[in-house]
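# Structural characterization, general
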Amino acid sequence: MRIAIYPGSFDPVTYGHIDIIERASKICDKLIVGVLMNSSKSPLFSVEERVNMLNEVIQHIDNVEVCSFSGLLVDFAKEMDANIIVRGLRAITDFEYEFQMAHANHILNSEIDTVFLTTNIDYSYLSSSTVKEVAGFGGDISQFVPDVIAKKVYNKYS
Ligand code: COA
């Protein structure tokens, strides 16, 4: 069984992430979306909220599971029996960071390889920070996130 992990902060999940999840789910038997409890970022949403939001927007995909994790990604992958890490590349600027991370993870566990999917061109400009910044100023985020997520983001700023 080919098990892959798509890790990230997902604070909040955007259409760009959903695009990667939909496409990655087609190239593996099971996709685990790993939500990082990241102490180096100050998230708008708690890890439980981020897991719940992801669960709401991936209901249409059968072979996807959402879990939170802390610590090293390679340890989480091993725990989940996964040997593929999926990451999205939005632009060339993502490449250097992703390249370093993929090599470091492979050195930490040589059984784990990283697969990159190019983010849909429609979302190549998008990040969770953009969503939060626009929402924080009362702007329209309907093109960035599903309605159910947009409501929760606006609620945080109301
Ligand atoms: N569509 C939209 N936005 C996207 C995107 C896509 N397809 N892909 C990435 N992004 C955005 C995210 O929204 C996020 O935006 P933000 O910075 O405004 O929040 C940004 O790109 C960073 O992406 P994300 O996937 O959340 O990465 P991250 O840098 O927060 O976390 C981990 C990356 C989880 C893979 C990494 O930190 C990790 O593995 N941590 C565990 C510890 C570890 O093992 N460290 C050693 C690694 S060598």
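Described in the following lines is the structure provided in the data block. Every value quoted in this text rests on a predicted model; they were computed, and no experiment measured them.

## A short note on helix α4 (residues 92–108)
Across its 17 residues, α4 extends 25 Å between first and last C-alpha, which sits within 8% of the 24 Å expected from 1.5 Å per residue. Among the residues making up α4, those that are buried are Asp 94, Glu 98, Ala 102 and Asn 105. Along its buried surface, α4 packs onto α3 (73–79), β4 (84–89) and β5 (113–118).

## Structural notes on the layout of surface pockets
To find leftover empty space, one rolls a probe the size of a water molecule over the atoms. Estimates place the volume of the largest pocket at around 940 Å³. If you trace the largest pocket, you find 37 residues lining it, with Gly 8, Ser 9, Lys 41, Arg 87 and Tyr 97 closest to the centre. Secondary-structure elements contributing two or more residues to the lining of the largest pocket are β1 (3–8), α1 (15–25), β4, α4 and α5 (128–136). Class assignment for the residues of the lining of the largest pocket results in 14 nonpolar, 15 polar and eight charged.

## Looking at the pairing of β1
A regular strand places its side chains on the two faces of the sheet in alternate fashion. Of all the six residues making up β1, six are buried; the element is thus mostly covered by neighbouring parts of the structure. The two faces of β1 match: Ile 3, Ile 5 and Pro 7 on one face and Ala 4, Tyr 6 and Gly 8 on the other face are all buried. Where β1 lies against strand β2 (residues 30–36), six bridges are found, and the strand directions are parallel. Across the sheet, Ala 4 pairs through a bridge with Leu 31, a residue of β2. Taken together, β1, α1 and β2 form a β-α-β motif whose crossover is right-handed. Here two bridges tie β1 to β4, and the two strands are oriented parallel to one another. Of the residues in β4, the one forming a bridge with Ile 5 is Ile 85.

## Side note on the side chain of Ser 25
Residue position: Ser 25 is located in helix α1. If sequence neighbours within four positions are ignored, Ser 25 has contacts with Leu 31, Ile 61, Asn 63 and Val 64.

## Description of the site of the ligand
Every one of the 23 residues lining the ligand counts as a neighbour, but Ser 9, Lys 41, Leu 73, Ser 128 and Ser 129 are closest to it. Within the contact set of the ligand, a nitrogen atom lies 3.2 Å away from a side-chain nitrogen or oxygen of Thr 119. Interatomic distance of 3.2 Å between a backbone N/O atom of Leu 126 and a nitrogen atom of the ligand. When the free accessible area of the ligand is taken as 940 Å², the share hidden by the protein chains comes to 83%.

## Focus: the sheet that holds β2
Pairing is parallel across the open sheet formed by five strands, whose spatial order is β3-β2-β1-β4-β5. A single partner strand is all that each edge strand has here, and the edge strands are β3 (64–69) and β5. Pairwise comparison of adjacent strand axes, ignoring direction, gives a mean angle of 30° for this sheet. Relative to β5, β4 runs parallel, the two sharing six bridges. By the bridge assignment, Gly 88 is partnered in β5 with Leu 117.

The rules behind each value
- Residues numbered from 1 in each chain as written.
- Predicted model: local features only at pLDDT ≥ 70, side-chain atom pairs only at ≥ 80, totals over all residues.
- Heavy atoms only, no water.
- Helix = DSSP H or I, 4+ residues; strand = E, 2+ residues; numbered from the N terminus.
- Expected span 1.5 Å × (residues − 1).
- Buried < 20%, exposed > 50% of the residue type's maximum accessible area, 1.4 Å probe, protein only.
- Contact = heavy atoms within 4.5 Å.
- 1 Å grid on protein atoms, 1.4 Å probe; cavity = no way out; pocket = protein on both sides within 12 Å on 5 of 7 lines; lining within 4 Å.
- Points joined across faces, edges and corners; volume = space filled by probe spheres on them.
- Nonpolar A, V, L, I, M, F, W, Y, C, P; charged D, E, K, R; others polar.
- Pairing = 2+ DSSP bridges.
- Right-handed = clockwise from strand over helix to strand, strands pointing away.
- Near = heavy atom within 4 Å.
- Polar contact = N/O pair within 3.5 Å; in protein donor to acceptor, adjacent residues only side chain to side chain.
- Areas by Shrake-Rupley, 256 points an atom, 1.4 Å probe, with all protein chains shown as cover.
- Axes fitted to C-alpha atoms, helices over the stretch in contact; angles between N-to-C directions.

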